[in-house]
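# Breakdown of the fold
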Amino acid sequence: MLLEAPFTEAKIRALEVGQMVEISGLVYTGRDAVHKYLHDGGKPPVNLINSIVYHCGPVVVQERGKWVVKAAGPTTSIREEPYQGPLMEQYKIRGVIGKGGMGPKTLEYCRKVGSVYFHAIGGAAQVLAEKVVAVEGVHMLEEFGSPEAIWEFRVERFPVVVTMDSHGRSLHEDVQAVSQAALDRLV
Amino acid sequence: MDSKILQAQLLELIRRTSSRLPGDVVRSIEKGWRKEKKGSTAKYALKVVLDNIAMARDKSQPLCQDTGTIICYADLPAWCDEPTFKKAYERAVVQATKKGYLRQNSVDSITGKNSGNNLGPGNPAFHLHQTRARTLTVRMMLKGGGCENVGAQYTVPDTRIGAGRDLAGVRKCILDAVHQAQGKGCGPGILGVCIGGDRGAGYLASKEEFFREIDDANDDPRLARMERQIVKEANSLGIGPMGFGGSTTLLGCKITHRNRVPASFFVSVSYMCWAFRRDGFKLSEGGKITSWLYE
């Protein structure tokens, strides 16, 4: 199904674990340095209200004065576990795109705030870069370096799977439990 | 050899490594894709992976944006000394970074500053050896941070998982590592395992196993059996591609061993993501690539 901007709470609350979704609109990249900076009280250089944050450190190069995205897959999200939930609440971040899933703290904030976790296909940097149709800006490039900067990506039909929803369900918890039981039987 | 030619050939090696997966890896992913259930998120994930592999190769761009730690092994013949090789490789890395084959991936661990050109203490990671052969052999790997982070080193006996100092204990360690990794290492993955050694040697040897092809068999029949068993058992855990659930959790498992001191028994497990970028070539003194090591 297609999820188009604006990313309102109602649209996000309608999503459920297991759904394959294509996102169209503006998303902001943010990873380790950005999350730590915001959590330490730094002011966001973009408006994060009703936004989607993408855990991504892209390869972007300048060609004839224009930014061109060469590769843009997700990075592992769990590193932002201490920060993500509180930031979702503070800025009404409606969705996070990343890989590997997040923990119980973020899941609880998803429920409370009305937010979801979108799992992109890790490593699929080319397929995903092709869905970035324009780079509309970049922030904190000097301080954080290219992979850690906040890039404004205009995306079209960006493919993800909902793996944590706003109803308290997490595919990661389900798979963890199933595989733990299977492992216990094996050993 | 003219160092400009050496540099150009090394740049080509880096470009190829970053944008093209070896055939053995692609075939094993295709096999997994055929096995997964129609309409499942697992099959969908592997389809995106296969599309991505084709696209990166066609566009000659990084398969994954995390172009990882640059790990370089070279066997240097008499005509190529270490400083010459290092300089040419480093220059090729800087050039590859400018061209976008490699991401700016070298961060100062004290200041947090990115060097911007992939050079810095320990970057790239060189493992150089002399050879009496006439040709220069270079092997390289790009290993992303996501999969590096889910690697694990066990000390047996390990009471948490009930692993003792024998092969049965080693098996428990490896399966636990797969379970702990879930989808976080960008599965389906490949394991490199070293039984024994000290901590440093164990991890290093576990990574060197990644230079083996996925469908080869271990020369040691005990380890060959264990490799097959681990893959089968890991794929029965239901973790699946990306941790979405499914039957393709591991594509391969490669195990080696090193002697240890009586007091230590480490099991070092390195995890490689599906974006398993390894390549290599042989180069003649005239600067010609005489063969690629992974087709």
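Residues numbered from 1 in each chain as written. Chains lettered and ligands numbered in written order. Predicted model: local features only at pLDDT ≥ 70, side-chain atom pairs only at ≥ 80, totals over all residues. Heavy atoms only, no water.

### A closer look at the environment of A:Glu136
Residues and elements named next belong to chain A. The cut-off we apply is this: Every helix listed is a DSSP run of H or I at least four residues long, and every strand listed is a run of E at least two residues long, numbered separately from the N terminus. Throughout this description, buried means an accessible area under 20% of the type-specific maximum (1.4 Å probe, protein chains only), exposed means over 50%, and partly exposed covers the range between.
By the secondary structure assignment, Glu 136 is in strand β8 (residues 132-139). What makes Glu 136 partly exposed here is its relative accessible area of 41%. In this structure, the C-alpha to C-alpha distance between Glu 136 and Tyr 28, residues 108 residues apart in sequence, is 10.0 Å.

### Here's the deal with the interface of chain B and chain A
Note the cut-off: Working rule for contacts: check all heavy atoms of both residues, and any pair within 4.5 Å makes them a contact. The buried area of a pairing is the accessible area, by a 1.4 Å probe, that goes missing from both parts when the two are put together, added over both. Salt-bridge detection follows one rule: a side-chain nitrogen of Lys or Arg within 4 Å of a carboxyl oxygen of Asp or Glu. Whenever two N or O atoms come within 3.5 Å, that pair is a polar contact, provided that in protein one can donate a hydrogen and the other can accept it, and provided that, for residues adjacent in sequence, both atoms are side-chain atoms.
Opposite the 43 residues of chain B that make contact, chain A presents 44 residues. Here chain B and chain A share an interface that buries about 3500 Å² over both sides, 64% of which is from carbon and sulfur atoms. By the criterion of area lost to chain A, the three top residues of chain B are B:Gln65, B:His179 and B:Phe244, representing 18% of everything that side buries. Linking chain B with chain A are zero salt bridges, by the criterion used here. The tally of links from chain B across to chain A stands at 14 residue pairs in polar contact (both at pLDDT 80 or more).

### Examining the sheet that holds strand β2 (residues 125-130) of chain B
All names here are of chain B. Inclusion rule: Pairing between two strands is assigned when DSSP locates at least 2 bridges connecting them. The angle between two axes is taken between their N-to-C directions and runs from 0 to 180 degrees, where each axis is a line fitted to C-alpha atoms and a helix contributes only its stretch in contact.
Spatial ordering of the open sheet is given by β2-β1-β3-β8-β9, a layout of five strands whose pairing is mixed. The sheet is open, and its two borders are formed by β2 and β9 (289-292), each paired with just one other strand. Here the average twist between neighbouring strands, direction ignored, is 15°. Judged from the six bridges that link them, strand β1 (residues 69-76) and β2 form a sheet pairing that is parallel. The partner of Ile 71 across the bridge, within β2, is Ala 125. Against the sheet, helix α7 (residues 199-208) contacts β1, β2 and β3 (136-143), and its axis sits at roughly 80° relative to β1.

### Here's the deal with helix α2 (residues 23-35) of chain B
Residues and elements named next belong to chain B. Under the convention used in this document: To estimate how far a helix should reach, multiply one less than its number of residues by 1.5 Å.
Look at α2: 19 Å from first C-alpha to last across 13 residues, which is about the 18 Å you get at 1.5 Å a residue. Of the residues making up α2, those classed as buried are Gly 23, Asp 24, Val 25, Val 26, Ser 28, Ile 29 and Gly 32. Contact partners of the buried residues in α2: α3 (41-59), β6 (250-258) and β8 (277-283).

### Let's talk about the domain arrangement of chain B
Residues and elements named next belong to chain B. Going by this rule: Domain ranges listed in this record stem from an automatic or a database domain assignment.
The assigned domain composition of chain B is domain 1 (3-18 + 63-144 + 277-292) and domain 2 (146-272). Taken together, the contact between domain 1 and domain 2 spans ten residues of the former and 13 residues of the latter. Regarding the contact of domain 1 and domain 2, the summed buried area is about 990 Å², with carbon and sulfur atoms giving 66% of it. When residues of domain 1 are sorted by the area they lose upon contact with domain 2, Met 141, Lys 143 and Arg 278 head the list and together hold 56% of the total.

### Some details on the pattern of salt bridges
All names here are of chain A. Tallying each qualifying case throughout the model produces 29 salt bridges over all chains. The salt bridge involving Glu 148 is made with Arg 31; its shortest N-O contact spans 3.6 Å. Placement of Glu 148 in the loop between α6 (141-144) and β9 (150-164) and of Arg 31 in the loop between β2 (20-29) and α2 (32-39) is noted, with a sequence separation of 117 residues between them. Judged by its relative accessible area of 11%, Arg 31 is buried.

### Comments concerning the sheet that holds strand β5 (residues 189-196) of chain B
Residues and elements named next belong to chain B. Spatially, the four strands line up as an open sheet ordered β4-β7-β5-β6, and their pairing is mixed. Each of the sheet's edge strands pairs with one partner strand only, and the pair in question is β4 (152-155) and β6. With strand direction ignored, the average angle separating the axes of adjacent strands in the sheet is 15°. Relative to β6, helix α8 (residues 221-234) is tilted by about 145°, and along the sheet it contacts β5 and β6.

### A look at the packing of aromatic side chains
Aromatic ring pairs are described here by two measures, namely the spacing of the ring centres and the angle between the planes. Residues and elements named next belong to chain B. The condition that has to hold: Only centres within 6.5 Å qualify two rings of Phe, Tyr or Trp (six-membered ring in Trp) as a pair; their planes then separate them into stacked at under 30 degrees, edge-to-face at over 60, and tilted for everything else.
Tallying each qualifying case throughout the model produces nine aromatic pairs over all chains. For the ring pair Tyr 73 and Phe 211, a centre distance of 5.3 Å and an interplane angle of 80° mean the geometry is edge-to-face. A residue pair is termed long-range when its members are at least 10 positions apart, and Tyr 73 in strand β1 and Phe 211 in the loop between α7 and α8 qualify at 138 residues. As far as burial versus exposure is concerned, Tyr 73 and Phe 211 are alike and both buried. Geometrically, the ring pair formed by Phe 85 and Phe 126 is edge-to-face, given 6.3 Å between the ring centres and 75° between the ring planes. Of the two residues, Phe 85 sits in helix α4 (residues 82-98) while Phe 126 sits in strand β2, which places them 41 residues apart along the sequence.

### Here we look at the nonpolar core
Heads up, the rule is: By nonpolar core is meant a set of buried Ala, Val, Leu, Ile, Met, Phe, Trp, Tyr and Cys residues that side-chain atoms within 4.5 Å join together.
Core analysis: the biggest nonpolar cluster contains 98 residues, and A:Ile23, A:Ile97, A:Phe118, B:Ile29, B:Leu191 and B:Trp274 have the highest contact counts within it. Sorting elements by how many residues they give to this core places α3(B) first, with eight residues. Taken domain by domain, the makeup of this core includes at least three residues from each of domain 1 (3-18 + 63-144 + 277-292) and domain 2 (146-272) of chain B. Residue contacts for B:Leu191: discarding those within four places in its chain leaves B:Ile174, B:Val178, B:Phe210, B:Ile230, B:Leu250, B:Gly252, B:Cys253, B:Lys254, B:Val269, B:Ser270 and B:Tyr271. Of all hydrophobic cores here, the second largest spans 28 residues; its members include B:Leu6, B:Ala96, B:Leu136 and B:Val138.

### Focus: unusual backbone geometry
For the peptide bond that leads from A:Ala5 to A:Pro6, omega is 0°, which places it in the cis range. Note that A:Pro6 resides in the loop between β1 (2-4) and α1 (9-13). Of note in this structure, B:Asn118 is not a glycine but carries a positive phi near 70°. Within the fold, B:Asn118 resides in the loop between α4 and β2. Overall, the relative accessible area of 3% leaves B:Asn118 in the buried class.

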